[in-house]
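Chain residues, written in single-letter form:
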Protein chains: 2
Amino acid sequence: MKVLCLDLEGVLVPEIWHGIARATGIEILNKTTRDIPVYEDLMRLRLDTIERHAVTLGTIRRAIADLDPLPGADRFLAWAHRRFQVAILSDTFYEFAMPLMAKLGFPLLLCHRLVVEGDRIVDYRLRQEQAKAAAVRAFQALEYEVVAVGDSYNDIDMLLAADRACFFRAPDRVADAHRDIPRFETYDELRGAL
Amino acid sequence: MKVLCLDLEGVLVPEIWHGIARATGIEILNKTTRDIPVYEDLMRLRLDTIERHAVTLGTIRRAIADLDPLPGADRFLAWAHRRFQVAILSDTFYEFAMPLMAKLGFPLLLCHRLVVEGDRIVDYRLRQEQAKAAAVRAFQALEYEVVAVGDSYNDIDMLLAADRACFFRAPDRVADAHRDIPRFETYDELRGAL
């Protein structure tokens, strides 16, 4: 039995901040770790932007409630649950992700927390540095082999820490920097490789 | 967000070996960690017994397929998934537990493996020593507070390692040795305490 560590956004669900950008009409919120590799820089930009536009947590939650898992993600996850123990390792926040986790049947999610005052997001708290790689190493310390699947810069530490790694729908500039990690574009291809 | 670590047998599903005892008519297989606190002694007795009676893995799997989660376990787990990240820490084996995990919606299960030759169980492999406590500490190392729920001797290390611990339907002789750990008999009581 191996542990399958999956990134959330881009692998099982759409990019959450794209949904927020669409709902609020704020174009700059479309940027992701694919555009700004340093997560702290990206989050500072996002929080400054929603502060400036007075976007509330309630507004964001309503935007996220309209999101659905990617087509085929349910079936892929059902397949994975029968062959692996599944853990979702994400740099999102519980306050955002829980409605999506409900739609995925509540697999284990290890991610971060927001700091909220009333209906205002005032800050965020990373659970720890390199949280995804730390989670991979924790499962390895529990004597599991870990297979990891991700798509972006913030997955690289997880992919390098894992015993086996796959890119799923990674942009060229991410995948080209790590050509030893195989790339897959469909769930069928990914299933075949796992 | 906290991690809720739940024992499996006695907490969410019936004792698997009781089901095997019932299906095979072998009375001695009713013994559990509640009767024989040293897990290795108990497993040696079980494996010697099924070897002597030529009980196959197939027979055992059919017995387990007839088991269902405890009444109310589904609802309790659905409640828990919305408030915690849930991990099942068990001393059972993936080869036994997977049909029951399917009935529980595949929460993360950390347990052990059997050594199987053909349809014969020839041995078992503990994932590591004190596997339940090690899993609790792994989540703590990932900066999670851990709440643990168990019922028997093999849960004590997990309960003592956790930030908060509860007994669920523990026999008196287990609970009386650890009077600082609160005891609950129904899922409603447990929900109220968590």
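Asks: Lay out the packing of helix α1 (residues 16-24) of chain B against helix α3 (residues 57-65) of chain B with the relevant residues and their values.
Replies: Between two packed helices, what matters for the description is the angle formed by their axes and the separation of those axes. All names here are of chain B. For the pair α1 and α3, the least separation of the axes is 9 Å and the interaxial angle reads 110 degrees. By the angle class used here, α1 and α3 are roughly perpendicular. Considering only the axes of α1 and α3, their crossing is right-handed. Across from Ile16, Gly19, Ile20, Ala23 and Thr24 in α1, the residues of α3 making contact are Thr59, Ile60, Ala63 and Ile64.

Asks: Please set out the interface of chain B and chain A residue by residue, giving values where relevant.
Replies: If you look at the interface, chain B gives 25 residues, while chain A gives 25 residues. The tally of links from chain B across to chain A stands at zero salt bridges. The interface formed by chain B and chain A includes twelve residue pairs in polar contact (both at pLDDT 80 or more). Contributing elements (two or more residues each) for the side of chain B that touches chain A: β2 (84-93), α5 (94-103), β3 (108-117) and α6 (131-141) of chain B. Counted by class, the side of chain B that touches chain A contains 18 nonpolar, three polar and four charged residues.

Asks: Which residues make up the side chain of Gln128(A), and what values do they have?
Replies: The topology assignment puts Gln128(A) in the loop between β4 (120-125) and α6 (131-141). Given a relative accessible area of 16%, Gln128(A) falls into the buried group. For Gln128(A), the side chain forms a polar contact with the main-chain oxygen of Ala141(B), separated by 3.1 Å. Setting aside chain neighbours within four positions, we find Gln128(A) in contact with His112(A), Ala134(A), Ala141(B), Leu142(B) and Glu143(B).

About the criteria used
- Residues numbered from 1 in each chain as written.
- Chains lettered and ligands numbered in written order.
- Predicted model: local features only at pLDDT ≥ 70, side-chain atom pairs only at ≥ 80, totals over all residues.
- Heavy atoms only, no water.
- Axes fitted to C-alpha atoms, helices over the stretch in contact; angles between N-to-C directions.
- Helix = DSSP H or I, 4+ residues; strand = E, 2+ residues; numbered from the N terminus.
- Parallel < 35°, antiparallel > 145°, perpendicular 65-115°, else oblique.
- Left-handed = near helix turned anticlockwise from the far one by under 90°.
- Contact = heavy atoms within 4.5 Å.
- Salt bridge = Lys/Arg side-chain N within 4 Å of Asp/Glu carboxyl O.
- Polar contact = N/O pair within 3.5 Å; in protein donor to acceptor, adjacent residues only side chain to side chain.
- Nonpolar A, V, L, I, M, F, W, Y, C, P; charged D, E, K, R; others polar.
- Buried < 20%, exposed > 50% of the residue type's maximum accessible area, 1.4 Å probe, protein only.

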